Amino acid sequence: MSVPTPQTLAIASGKGGVGKSFLALNLAWCLSELGQTVLLVELDAEAGGLTVAAGLGEPKGVPPATDATSLAARAVPLPGNPRVHLLRASDIPPKAAQAPSLLEPLLSRLPVHWRIIDLAPGIGAQNILWLRRADPSLLIGTPELVSVRAMLRLHMQLTRQAAYDWLCAQEPRLREVPASLATAKQRLAEFLGVETAE
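Report on the accompanying structure.

The rules behind these values
Residues numbered from 1 in each chain as written. Predicted model: local features only at pLDDT ≥ 70, side-chain atom pairs only at ≥ 80, totals over all residues. Heavy atoms only, no water. Helix = DSSP H or I, 4+ residues; strand = E, 2+ residues; numbered from the N terminus. Buried < 20%, exposed > 50% of the residue type's maximum accessible area, 1.4 Å probe, protein only. Polar contact = N/O pair within 3.5 Å; in protein donor to acceptor, adjacent residues only side chain to side chain. Contact = heavy atoms within 4.5 Å. Salt bridge = Lys/Arg side-chain N within 4 Å of Asp/Glu carboxyl O. Core = buried A, V, L, I, M, F, W, Y, C linked by side-chain atoms within 4.5 Å.

## Regarding the side chain of Lys20
Then, in step 1: As for its position among the elements, Lys20 is in helix α1 (residues 20–33).
Then, in step 2: Judged by its relative accessible area of 6%, Lys20 falls in the buried class.
Then, in step 3: A polar side-chain atom of Lys20 sits 2.9 Å from a polar atom in the side chain of Asp118.
Then, in step 4: Beyond its immediate chain neighbours, meaning those up to four positions away, Lys20 contacts Ile11, Ala12, Ser13, Asp44, Asp118, Leu119 and Pro121.

## Some points on the pattern of salt bridges
Then, in step 1: Across all of its chains, the model carries 4 salt bridges by this definition.
Then, in step 2: Among the salt bridges present, the one from Lys20 reaches Asp44, with a minimum N-O distance of 3.9 Å. Taken together, the residues Lys20 in helix α1 and Asp44 in the loop between β2 (38–42) and α2 (49–53) connect sequence positions 24 residues apart.
Then, in step 3: You can call Asp44 buried: its relative accessible area is 8%.
Then, in step 4: When salt bridges that share partners are traced, they join Lys20, Asp44 and Asp118 into one network.

## Let's talk about the nonpolar core
Then, in step 1: If you look at the biggest cluster of nonpolar residues, it comprises 27 residues, and the most contacted ones within it are Leu43, Ile92 and Leu103.
Then, in step 2: Looking at this core, the elements that each hand over two or more residues are β1 (7–13), β2, α3 (68–73), α4 (94–98), α5 (100–107), α6 (125–133) and α7 (145–170).
Then, in step 3: Listed in part, the 18 residues of the second largest apolar core include Leu40, Leu50, Ala54 and Leu56.

Just distances and angles here, no functional claims.
Structure below.
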């Protein structure tokens, strides 16, 4: 089967229990009914809600996969829907789960139209990286203060990261770690076109 480069959809929330895994599962099911193949990737290792919601029971105590071939073999079709496969958090190598750049090559052995990434709750680096890489990405919350505040923090973090990336694109030396605070001030002054006060 020839499939184009998969579209990646990341789903995040500021806190747990807002229905993120159920939304991921329902989106996958709907896409499959439209003839699309879908890989659900569970990155919320603490809760494992996607595995349970999909009707696959509790995750087994099996060590994570070690390479792309063994990871592809662990993708489980959903009961009653062969177009949707689930990759459980317990099957993904921990380092790969933390970085899209490490996990994406491992996922390349699974030819699908869509990858739906069910992220752990919160504003950790893993979530920021996946949300920036995915197109589209969704933030899920409930209309209560804790959830709204958590989503706002996540949105602010994404905005800051986008601004930093833009600045670094303008001046790549900003990504280099300066040897001292004085060097950092000098580089910033050069970038802004102002003189430093000695």
